[in-house]
Each structure stands twice: as structure tokens, then as C-alpha cells.
Amino acid sequence: MGIDKFRKNDFIDESDPLPAVGPPRGRWAEPYQAHENGLWTVHLRNPKSIRKRDSRLVATLTAGDLFTLGDLMAEQDALARASEW
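Note that the structure is a prediction, hence the values are computed from the model and not measured. (Residues numbered from 1 in each chain as written. Predicted model: local features only at pLDDT ≥ 70, side-chain atom pairs only at ≥ 80, totals over all residues. Heavy atoms only, no water.)

Chemist: Please clarify how the environment of Trp28 should be interpreted in this entry.
Modeler: Along the chain, Trp28 turns up in the segment before strand E1 (32–33). Separated by 19 residues in sequence, Trp28 and Pro47 place their C-alpha atoms 9.6 Å apart. Leave out the neighbours within four places in its chain, and Trp28 touches Val42, His43, Leu44, Arg45, Val58, Ala59, Leu61, Met73, Gln76 and Asp77. (Helix = DSSP H or I, 4+ residues; strand = E, 2+ residues; numbered from the N terminus. Contact = heavy atoms within 4.5 Å.)

Quick look at the structure:
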């Protein structure tokens, strides 16, 4: 193996721009299903944003199926919008 294996364009310079991927959208991270119990769980991207607003707002939601989890997420989004006023 020669040194030509490590060409300059194989490295990312610290001044290079990041790839053209935008920041994540929405309040919620990607839902996942736990292997041990099969429950669907989702977390807020920024849980610190709910600490002082409203005691009904939660940082983590868990449900038996993905559709119920989506309903709970929509309910929490509505509560968050209402508490901003």
C-alpha cells in the first residue's frame, strides 16, 4: 500500500461546509419500537423547552401502536401551541 491511498480529497477539512442536509424538522425525534415490550416511544428534540410552561406537557411519549403515538404527539403539539400564548 502506498501513500497515494490517502489522497487529499479523501479527507474533510475543518473549513469544508457540511453536507447539504437540513436540520431536523418538528418537535419530535424519530419514533422507535422497543424490542423487549413492543411499545412505541418518541422523545422531544428539545426537552428543556417544556420545563416551565405547562405541567401537562411531557418529554417522552409511549404507546402500544404507531397510530396512537401519532395522536398523542398531535395532542402534545396542540397543548404546546396553547401554552405559548
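So much for the structure itself; the text now carries on.
Chemist: What's the story with the nonpolar core in this structure? I'm lost.
Modeler: Formed by Trp28, Trp40, Val42, Leu44, Ile50, Leu57, Leu61, Ala63, Leu69, Met73, Leu79 and Ala80, the largest nonpolar core amounts to 12 residues. Taken together, the elements giving at least two residues each to this core come down to strand E2 (40–43), strand E3 (60–63) and helix H1 (66–83). With 4 residues, H1 is the single largest residue contributor to this core. Residue contacts for Leu61: discarding those within four places in its chain leaves Trp28, Trp40, Thr41, Val42, Leu69, Leu72, Met73 and Gln76. (Core = buried A, V, L, I, M, F, W, Y, C linked by side-chain atoms within 4.5 Å. Buried < 20%, exposed > 50% of the residue type's maximum accessible area, 1.4 Å probe, protein only.)

Chemist: I'm lost on the pairing of E2 in this one. Help?
Modeler: Note on strand geometry: in a regular strand, side chains alternate between the two faces of the sheet. Bridge count between E1 and E2: 2 bridges; the pairing is antiparallel. Paired with Tyr32 across the bridge in E2 is Thr41. Hairpin connection of E1 to E2: 6 residues between the antiparallel strands, including Gly38 at a positive phi of 80 degrees. Here E2 pairs with E3 via 4 bridges, running antiparallel. Bridging across to E3, Trp40 finds its partner in Ala63. (Pairing = 2+ DSSP bridges.)

Chemist: What is the right way to read the environment of Gly38 from this model?
Modeler: With respect to the secondary-structure elements, Gly38 resides in the loop between E1 and E2. What makes Gly38 partly exposed here is its relative accessible area of 22%. Sequence separation between Gly38 and Gly64 is 26 residues, and the spatial gap between their C-alpha atoms is 7.3 Å. Not counting the four nearest positions on each side in its chain, Gly38 is found in contact with Gln33 and Gly64.

Chemist: How do you make sense of the sheet that holds E3 when you look at a structure like this?
Modeler: Sheet strands associate in pairs through backbone hydrogen bonding, adopting either a parallel or an antiparallel arrangement. If you walk across this open sheet you meet the 3 strands as E1-E2-E3, and the pairing is antiparallel. Strands at the two margins of the open sheet, each flanked by one partner only, are E1 and E3. Strands in contact with H1 are E2 and E3; relative to E3, the strand with the most contacts, it is inclined by about 150 degrees. (Axes fitted to C-alpha atoms, helices over the stretch in contact; angles between N-to-C directions.)

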